Structure formats: structure tokens, C-alpha cells
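Residue-level structural notes
For reference, the chains in residue letters:
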Amino acid sequence: MANYNVYLVGVGGQGILTIADMIMRAAQALDVPANYYPTKGMAQRGGFVKAQLKLGAETVGPDIRPLGADLGIAMELSESLKSIRYIKPGGTLVVYGYKWQPTAVMLGKAPYPTREDVEKAAADAGLKLVFLDPADQPEDTADNIYLLAATMRHSGLGEVVSEEAITEAIKARWPKGAERNMRSFEAGLAVE
Amino acid sequence: MAKVNLSGNEAAAQAALSSGAKLIVGYPGTPSSEVIGSIWGKKYDGVTIEWSTNEKVAFEEAAACAWAGQRSIVTMKMSGLNVAYDAFISVVYSGCTGGMVVYVADDPGVSAGMPEQDIRGFALMSDVPVLEPSSVLESYTFVQYAFELSEAIQGPVIVRTVSNVSQSHALIELPEAHPIEPRKPHFVNDPFKYTKAGAKICMDQHRDLIARLAAAQVKLHKDGMHKLSLGKKGGKGIVTVGVTSAFLDESLELIKAAGADVEGISTLQLAATLPEATEEFAAMLDNCESILVLEENEPHVEKAISLQAFHEGKNVEIIGKLNGPLSRIGNYTAATCATGMAALFGVEFKMDTAAADDAESHCAARPIGVCAGCPHRGVYMGLIDAVKKLGYKKDEVIITGDIGCTILGSCPPFDCLWTEVAMGASIAMAQGFTHAEWPTPVFATIGDSTFIHAGMPPLVNAVQNEVPITVVIMDNGWTSMTGMQVNPNTAEEFQYPGESRTRVDVVDIVKGLGVKQLWVVDPYDLPKMTDTIVEAAKLPGVKVIVSRRECAIQAGRRKIKYGLSVVDQEKCINCKRCINTTGCAAIVSDENGVHINPSQCNGCGICTYVCPVNAIEKKEV
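Residues numbered from 1 in each chain as written. Chains lettered and ligands numbered in written order. Predicted model: local features only at pLDDT ≥ 70, side-chain atom pairs only at ≥ 80, totals over all residues.

A few words on the environment of Ile 16 of chain A. All names here are of chain A. One can find Ile 16 in helix α1 (residues 16-30). For the pair Ile 16 and Ile 166, spaced 150 residues apart in sequence, the C-alpha to C-alpha distance is 15 Å. Among residues more than four places away in sequence, those in contact with Ile 16 are Leu 8, Val 9, Gly 10, Val 49, Ala 51, Met 75 and Asn 144. (Helix = DSSP H or I, 4+ residues; strand = E, 2+ residues; numbered from the N terminus. Contact = placed C-beta atoms within 7 Å.)

Quick look at the environment of Glu 296 of chain B now. All names here are of chain B. Examined against the element boundaries, Glu 296 turns out to sit in the loop between β13 (288-294) and α12 (300-311). Distance from Glu 296 to Ala 66, taken between C-alpha atoms, is 31 Å for residues 230 residues apart in sequence. Excluding residues that lie within four positions of it along the chain, Glu 296 makes contacts with Pro 108, Val 162, Val 243, Thr 244, Asn 331 and Tyr 332.

Another point: the sheet that holds strand β1 (residues 4-7) of chain B. One open sheet holds the eight strands; their spatial order is β6(A)-β5(A)-β4(A)-β1(A)-β3(A)-β2(A)-β8(B)-β1(B), and the pairing between them is mixed. Only two strands of the sheet have a single neighbouring strand rather than two, namely β6 (128-132) of chain A together with β1 of chain B. The mean angle between the axes of side-by-side strands here comes to 15°, regardless of whether they run parallel or antiparallel. Pairing of strand β5 (residues 87-96) of chain A with β6 of chain A involves five bridges; the strand directions are parallel. Bridge assignment links Leu 93 of chain A to a residue of β6 of chain A, and that residue is Leu 129 of chain A. Packed onto the sheet, helix α5 (residues 143-154) of chain A meets β4 (69-74), β5 and β6 of chain A and runs at close to 145° relative to β5 of chain A. Against the sheet, helix α6 (residues 136-153) of chain B makes contact with β1 and β8 (169-172) of chain B, and its axis sits at roughly 75° relative to β8 of chain B, the strand it touches most. (Pairing = 2+ DSSP bridges. Axes fitted to C-alpha atoms, helices over the stretch in contact; angles between N-to-C directions.)

Let us now look at helix α9 (residues 199-222) of chain B. Residue and element names in this part refer to chain B. With 24 residues, α9 should cover 34 Å at 1.5 Å per step; its first-to-last C-alpha distance of 35 Å lies within 8% of that length. Of all the residues in α9, the buried ones are Gln 205, Leu 209, Arg 212, Ala 216 and Leu 220. Of the surrounding secondary structure, the elements contacted by the buried residues of α9 are α4 (78-94), α6 and β12 (272-274). At the C-terminal side of α9, Gly 224 shows a positive phi close to 65°. (Expected span 1.5 Å × (residues − 1). Buried ≥ 20, exposed ≤ 12 C-beta atoms within 10 Å, placed from the backbone.)

Residues and elements named next belong to chain B. Ordered in space as β3-β2-β4-β5-β7-β6-β12, the seven strands form an open sheet in which the pairing is mixed. Every interior strand has two partners, whereas the edge strands, β3 (48-51) and β12, have only one. Judged from the six bridges that link them, strand β4 (residues 71-77) and strand β5 (residues 100-106) form a sheet pairing that is parallel. Looking at the pairing, Ser 72 lines up with Met 100 of β5. The sheet strands contacting α6 are β4, β5, β6 (130-131) and β7 (157-162), and the helix crosses β7 at an angle near 165°.

All right, on to the interface of chain A and chain B then. Listed by partner, the interface residues are 47 residues for chain A and 45 residues for chain B. Elements supplying a minimum of two residues to the side of chain A that touches chain B: α1, β2 (34-39), α3 (103-106) and α4 (115-124) of chain A. When residues of the side of chain A that touches chain B are assigned to their parent elements, the largest contribution, six residues, is made by β2 of chain A. Pairing analysis gives two bridges linking β2 of chain A to β8 of chain B, with the strands arranged antiparallel. Residue pairing in the sheet places Tyr 36 of chain A in a bridge with His 169 of chain B of β8 of chain B.

Let us now look at the domain arrangement of chain B. How big an interface is tends to be stated in terms of the accessible area lost upon association of its parts. Here chain B is described as being made up of domain 1 (4-178 + 191-222), domain 2 (227-345), domain 3 (376-557) and domain 4 (564-619). For domain 1 of chain B and domain 4 of chain B, the distance between their C-alpha centroids amounts to 49 Å. (Domains from an automatic or database assignment.)

What follows deals with the pairing of β13 of chain B. The element β13 of chain B is largely enclosed, with a buried count of five among its seven residues. Handedness of the crossover is the feature at issue here: the chain leaves β13 of chain B, passes through α12 of chain B, returns alongside strand β14 (residues 317-319) of chain B, and the resulting connection is right-handed. (Right-handed = clockwise from strand over helix to strand, strands pointing away.)

Take the pairing of β8 of chain B next. All names here are of chain B. Neither face of β8 is open: one carries His 169 and Leu 171, the other Ala 170 and Ile 172, and all of them are buried. As judged from the four bridges shared by β1 and β8, these two strands associate in the antiparallel manner. Bridging across to β8, Asn 5 finds its partner in Leu 171.

Moving on to the packing of helix α3 (residues 55-67) of chain B against α4 of chain B. Residues and elements named next belong to chain B. Contact pair α3 / α4: the axes reach a minimum separation of 7 Å and the direction vectors enclose 35°. Here α3 and α4 pass one another in a crossing that is right-handed. Along the contact surface, α3 presents Glu 55, Lys 56, Phe 59, Glu 60 and Ala 63, while α4 presents Gly 80, Leu 81, Val 83, Ala 84, Asp 86, Ala 87, Phe 88 and Val 91. For the contact of α3 with α4, the residue count by class is eight nonpolar, one polar and four charged. (Left-handed = near helix turned anticlockwise from the far one by under 90°. Nonpolar A, V, L, I, M, F, W, Y, C, P; charged D, E, K, R; others polar.)

All right, on to helix α16 (residues 425-435) of chain B then. All names here are of chain B. Listed as buried for α16 are Ala 425, Ser 426, Ile 427, Ala 428, Met 429, Ala 430 and Gln 431. On its buried face, α16 sits against β15 (399-400), β16 (443-447), α17 (448-465) and β17 (470-475). One or two residues past the end of α16 sits Glu 437, with phi positive at roughly 65°.

Residues and elements named next belong to chain B. Cis geometry is adopted by the peptide bond preceding Pro 275, which originates at Leu 274 and carries an omega value of 0°. Within the fold, Pro 275 resides in the loop between β12 and α11 (278-287). In this structure, Pro 413 follows Pro 412 across a cis peptide bond, with omega equal to 0°. The topology assignment puts Pro 413 in the loop between β15 and α16. You will see that Val 110, though not glycine, has its phi angle at about 50°, which is positive. Inspection of the secondary structure puts Val 110 in the loop between β5 and α5 (120-126). Its 13 C-beta neighbours within 10 Å are what place Val 110 among the partly exposed residues. The phi torsion at Glu 466 lies on the positive side, around 50°, for a residue other than glycine. The topology assignment puts Glu 466 in the loop between α17 and β17. Note on Glu 466: 9 C-beta atoms within 10 Å, which makes it exposed.

Shown next as C-alpha cells:
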């Protein structure tokens, strides 16, 4: 199996690490070699969070080098820009365009990037950008599951871990929330 | 057998359990906390699991357990070894009989905000073997091996991990356990081994220590722990240690793509920096015309192999950081390793990341901050208000900070803590500033766990010498920054589940240390906090304010809400003072004005005190 590297970014509390965890559980079920390295930093909530997933290789260093990821997954608009360094030209970046504005931005004291900034950055780096506008997301769906499903549809991740293994992992993790999570997953798969 | 999903730290814990460790003990510290964290609260027959008051205590407990012939492991982060090192030196000179593993996590690249130190330097100073796992699997097998090595040489062994190994999760086949028969404790009163009574004893112990390291060198070589692969005679060689071994394949691919001919290369993947792999080094020096050394942080292996080349009269070029393009700063990726290889092979290796530089320049800064509902907020705001009420400017009054969540007062919007040095240092530093005749009152701030860890001696010092300082102990009942571990002051109901362990109340400790001027204040009551700080600052002698309220994250996990703060949109003048002074993430300003996110607000009510038009009201829930 070819190596497949995924670089994930977001803000603490959004559930970005859960996306990585679900991919990891799917890899486990399918016996795909995997190394998952989350970095939570110091903030309990509201801080920058990243995770690095290396799939398909038995012996592997935990960090993804610059231009070494096949796929980037971002849960926050501004933080998505931090993943660009790590994605190889021709790779895919899936961005959930939620804006979690730091206080200084809220107070008008600091700038915040626009969707166009992200589109330009992805184009300059030669990436295929998949942009999910939170406004288009159906009511009462889980952001991270929605994003994960859209990623399965629009990237090569589905060739490494199957959709079925992912949904089984989600159901096993939250038996009680299965109905809402599957609805979220279906909604994500429907993203054009 | 199905593979298990374990982190490096979790694998180390499982290895300790399966190797018959009798005591698993430590002090929390990122990135080491999950060794104990992953088994905390569980029951294992005949095994004691404990968070100690500090790393020195933990180390000494583990040492005595190993002196009694049992196996023990002590865990800590790099700066923890600084604390334990006094006892460490003494114990390693004595050696041990049971297997003793000292599991220490370094943090190259600084993901957790401590000095980027390399604890292999400590191993060199104390002649202790330091095994360095390169993966989650080796986190298991090296801890297992460390117990066996420790008993073989009769001395403690360090397992040095790093952030990206200890916190990586991988799917591994659990290695076969190497269990031991249960042992009866056995300890002989032998002052020649277990005391330092006299020069002869100490120098004999020094000789024995050096002999133990020599024995470890022989054993590591015999057991094939270092992986040597000799290629073409007169060709190139690469030496890796720890996590850099894991990057070898990927970086060789990169450098091949850059035009290097890597056929016939010799490689040496070290399991340990110390003892030096003298025989393996000799084979590499004999076989290669130039050798690249890949190690994060300090050039210890590079120095060792360079020195050996000198003594053996080998004209081999050694490339690394002393001679070469690699840096002592930061953690390595395959790209870093490839940069070293470019120098080895004389090819050009460059990656074009200009687009990323431009992208990151548009990124919004996201400073770390205090959680919504955090009780520490009331202390920072109380201090800032009190300084004003005392007639001083904010930049005139020194407030020292300490390690843990309490240091977040040095971040916006508070920016009120001036120093961060070491566990407990806030209280001693405040005394030093006072002795320097700083013209205003001096304050110290410290968390409950940090105070118990190392804050008691400096407080006794202040009491004895009647140094006029005001200490605020921010008692939130948990060791929070490292992921919510218990400490002696944690409520009894949250101490070890199913076991009887006693809570030691931080207020009782302060009283017992001779502090006469003591207040216990709820930081959610901001006016009371401010008034108490003002009152204390005006009094002579040592004053201690215990700010007491449980960590909002931990209380939140038990669904505790103290109410809900709500902005009255009729009254709100949109001045945003609430956001500017509290920095609370629950308060949002958007096109609809200022409002409070009910899912984040825990009803601490601190924001209600700062609104100039009383537009924020705390409601019952």
C-alpha cells in the first residue's frame, strides 16, 4: 500500500482530533499501518490544535515534513492556512470554513483572513481546495463528522480506509449518537 | 493477534506492568503524563500507582523500592529530572538491586513551553545508560529491556523519550511479556553501598558506577540493540538515534529524488547515546569515508564518534552540527534529515515553501488564553484592580508567576505576571525583589499543586525572615495544565478510586508553615478578591491569600454550572469592556452586538462586575 499522509488543523474544542481518531480506528479495523501524532499545545480550549496521521507505512517518523502530506483537513478558516506548508503540490485541502475569531480580531484590533485568501493560498501552492461553507450545513449535524464525510468523498482518503470502516468506527464510538452522526455523515457525503 | 492502538506513553505503562513493576510513580509533566494517566484508577495486584508531590519524591520512592529488590519505574518530563537530579546522582552512584527505570520525556521543538533541554547531558554527567525509543513499539520494548539491563548491571537506567514518540499513537502487536516471579523485599544494611560516609566510599562507588556503564556497553552490543548495516567500503555512512531512526527511510527517498546515489550506504541505528556504541562506531569508521550523525538537540553522538575517530587515527569526515548544516534547535522531520544527507552526498536539497510563507502571513494570531469560567481570571483581575486601588501603575508592581495554568496571567488581556522560572520559584523570587528594595509591594502567584511541589520551602523562608510579600495560592484543586491529575489538595472523593488516600488541605499546610495572615477567598467574587489583595498588601510581614474555586474544566465535566451570564441588549452600550478586561471566550462580539455564548458560560459571574452600565446579569439555571 502506498503511504498516505494527512495533516489536520483546527481550534481546541472543535473536534478535529476526533476526526483523526476515527481514521485511526478505521485503520485499526482494516489492519492498515498507522501513526497518529496529535499536538494539543497548552490551551484547553480555543488554542491551535494539529494532528499528523501517517497511513500505510510500518516504519515511519511521526512528523509530516513540509510538502509531505497528501491531504489537509482544516476545521477553521484562519488555521487552514497553517496546513498549506505541509501539503504536497497536487494534494487536497478540505476546509470547513468556520471562523473562530481570536479576541483581538473581535475587537477589530487584528486582521482575519477571508475565504478568498485561503482560495488564493491553496491555488498558489498547487492544491485542490474543497471548501465547506458552514452556512450550507444541514441543521443538527456534527461539524466534524460532516467534514470527515465530505473529505472521504473528495480526497484519496477513501482509497486508504473504507467508508464502511469509518462509519463503523463512529457507531462503535458513540452508540447513542449513531442516528445523528450517520445523518451528519450522509450530509457530508452529499457535499458537491 | 489483533493490533492494539497505543501511544508511546501508554506502551511504556503496559511494558512496566508486564515486566512486574511493583511501583509506578511520577509527577505530571507534558509530554510524559500519560504513562501514569493511562493506568490511573485501575487495579493491578501488588502494584502501587501514585502521583507524588514532586519528581524528587517520586524518584526516591522508586529508588528505595528498587533497593529492596523490586522493580520500579518513575516518570517525569525533562525539567522534572532537574528537580530529581540531586537524589538521582546519589542513587546512581550506589546502584540498585531490583530493576529501576527512569522514564523522562524531552520536548525538542518545544510543544509545551519549557526550556528545550536535552536530558542526555544528565546521563553523560552521571554515567547512566540512556535508551532512546524511536517508535511506539520501541517505547514498549525499550522499557522492558531497561528493566533487564538495570538488573544486569545493578544500576538505574534512563529511557529518554521525546514528544512525538511519547504522544504518537500507533497500531502495534503487543510484544511478548517478560514477567517475573513475585519477589519478597530484600535489603541489606550496607553503608558502603547505601551511604556516602567518607571519601573512600564515595570514590569506590564512582569506580563501580563507571564499571556498570562499561557492563551496559558490553550487554547492548551482545544483545544487538544497535542496528548496524555496513555497505560499500569507503562509502558514506549515517548514524541515527531515537526518533531520527524512524525518519531514515523517508529522508533517503527524498535525497534519492534530489539526485544522490544512496546505494551501498552504511547505517547505524543506535538504541542509546550512552553507553557509547564503541564497537559499532569502530565498524562505521572503518567502513566509511564520511559519516552523517542525525540526532535532535545536542551533538552528543557526534562528539563521541568524532573523538573516537581522532583516537583511532581515522580520517573520516563527521557531519552534523559541529561540522555541518544541522541545528541544535527544534525537532527534526524527514526534510531536516535530508538536509544533512545533502551535505553528506554533496547534492542540493531544497523545498519550495514560498506559497506557505505567504499563506501563514495572513493567519490570525491565536494567543493562548484562560478558559471561560476559569477561577484564575478572578485573581488576575483582582490583582490588576488592587494595584490601581493601591495607587500604583500596572508597570510598577512586580507580580511573579509560576509553572502551570497560573502562568496564563502573563498572556493578554491580563499581561500582569512578570516572571516564570521554575516550580515554586515565584515565592522565592518575590523575596529577592523585596531584598533588592523594589519600591512597591511585591506579589507572588502559584497554583496549589506547584505550591505543594516546591513552594513550601520558599514560603517558610519568607516566614522565618519576615519578608513582606503577598502570596496568592490559586487553589483550583487539580494539577490542570498537564491534563487534570490529582494532587494532595484534590478533594478526597477524587483521590485514587477505590483506595483510601487522604486529602492534605493547602490551607492547613499554609497555617502549619507559620503564616499568621491568611485569607481564603472565592475568586468568582471579584470585589472581595480585590479588597483582600489591597488589605493584604498594606500589612507588614508574610501574607497568603488562598483563592479557592475548582478548575472550570473539571467542574464542567461534572456538568456543574453556577448560573448563566446574560447581556441585556437594551442596556449594553457596546463598549466591549467585558471582553477587554476578562478575555473570556464565552463573550462574543458580532454584528448583533455583545452577547454571551450559553454553551461556554459556566456562570462564574466575573464579567458582571466589570460592565460600566450593569448590562450583564447572572441568572440562575
